[in-house]
Amino acid sequence: MMSSWIRELAEPKKAACANDPRLVWGNQETIWTLSWHAMTAQPSPRTVALAKPKQDFGKNQCRSLFLYSCGRESTIWERPLLTDFGLPSDRLLKLSESKKYQAAYLQQRPRQSPEWPISAAALSYKASPRILELARPKALHPEFLLAREVSKLAQEAIASPRTLELARAKRLHPDYVPLRDAEWPVTKAAKHTVATPRLVELAQPCRRPPMGSAQFNPDAFTVKETAKKATCSPRIQELARPIKR
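Residues numbered from 1 in each chain as written. Predicted model: local features only at pLDDT ≥ 70, side-chain atom pairs only at ≥ 80, totals over all residues. Heavy atoms only, no water.

A. The arrangement of the overall build of the chain in detail. A tally of regular secondary structure across the chain gives 14 helices and zero strands. Seen in sequence order, the chain has helices and strands lined up from the N terminus as α-α-α-α-α-α-α-α-α-α-α-α-α-α. Taken across its 245 residues, the chain has 1% of its residues classed as buried. (Helix = DSSP H or I, 4+ residues; strand = E, 2+ residues; numbered from the N terminus. Buried < 20%, exposed > 50% of the residue type's maximum accessible area, 1.4 Å probe, protein only.)

This is the structure in structure tokens:
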């Protein structure tokens with residue numbers, strides 16, 4: 001049963017357009033025939049505007065290709081005359097035009113001026129005592145001085161032993177061990193060590209049958225009867241429980 005299923009999956013997928021007589025390589029025909037509505041459709045003004053080619057502003061400039069370019073893709077332009085700086089080019093005039101608003105935006109605009117009119121109620125409103133209290137600037141402390149002079153006694157003061165002790169930086173514990181570097185030299189004993197037979201046995205990779213023979217074995221993925229009747233130990237049941245958070 002499994003071998004027939006494998007043979008069925010091994011067959012290549014049939015192309016959908018392999019037997020289509022309409023597809024001919026090298027012609028200008030489309031893969032799918034265009035509908036009558038698509039052929040008679042009229043483009044929108046936006047599509048017509050986007051279909052226009054970009055205007056070339058450098059077509060009137062007569063410069064030889066790669067003039068003294070020394071292998072560059074762009075030409076080296078000559079310095080224009082000072083009289084040419086008096087009048088801007090057509091490109092600069094077009095870029096200097098301001099952006100125009102769309103007609104739909106102007107129709108939906110709530111007001112023509114960016115300044116909002118103030119209502120008569122707002123002009124004649126009287127502030128409450130709470131607003132007047134919050135509008136007052138924060139007052140400085142009565143004892144606040146802009147520039148305090150350090151007294152002569154403070155300049156000649158001598159710190160007490162307690163102040164000197166508190167001024168010291170915090171020291172590390174005598175038994176503190178700094179972090180180990182990411183790279184450290186290998187010891188001579190580690191270089192000349194010999195692995196035990198147990199380490200050699202654990203270092204061997206797990207041996208599995210090759211995939212070339214496993215795919216033709218119908219019993220490769222069957223569960224053994226002993227595994228079906230196995231009973232998990234209390235330790236496995238304890239490890240299988242989800243973590244409680």
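We are not done yet, so read on.
B. Spotlight on the packing of aromatic side chains. By the definition in use, this model includes one aromatic pair. Between Tyr101 and Tyr105, the ring centres sit 5.5 Å apart and the planes meet at 20°, which makes this aromatic pair stacked. By relative accessible area, Tyr105 is classed as partly exposed at 42%. (Phe/Tyr/Trp six-rings, centres within 6.5 Å; stacked < 30°, edge-to-face > 60°.)

C. Geometry of the pattern of salt bridges. Inspection of every chain in the model, using the stated rule, returns five salt bridges. Across the pair Glu133 and Arg130 runs a salt bridge whose closest N-O atoms are separated by 3.7 Å. Highlighted residues: Glu133 and Arg130, both in helix α7 (residues 129–135), separated by three residues, approximately one helical turn. On the accessibility criterion, Glu133 (47% relative accessible area) is partly exposed. (Salt bridge = Lys/Arg side-chain N within 4 Å of Asp/Glu carboxyl O.)

D. Structural detail: a nonpolar patch on the surface. A cluster of nonpolar residues, Tyr101, Tyr105 and Leu106, forms a patch on the protein surface that exposes about 340 Å² of accessible area. With respect to the secondary-structure elements, Leu106 resides in helix α5 (residues 103–108). (Patch = residues over 30% accessible without salt bridge, like charges linked within 9 Å, V, L, I, M, F, W, Y side chains within 5 Å. Areas by Shrake-Rupley, 256 points an atom, 1.4 Å probe, with all protein chains shown as cover.)

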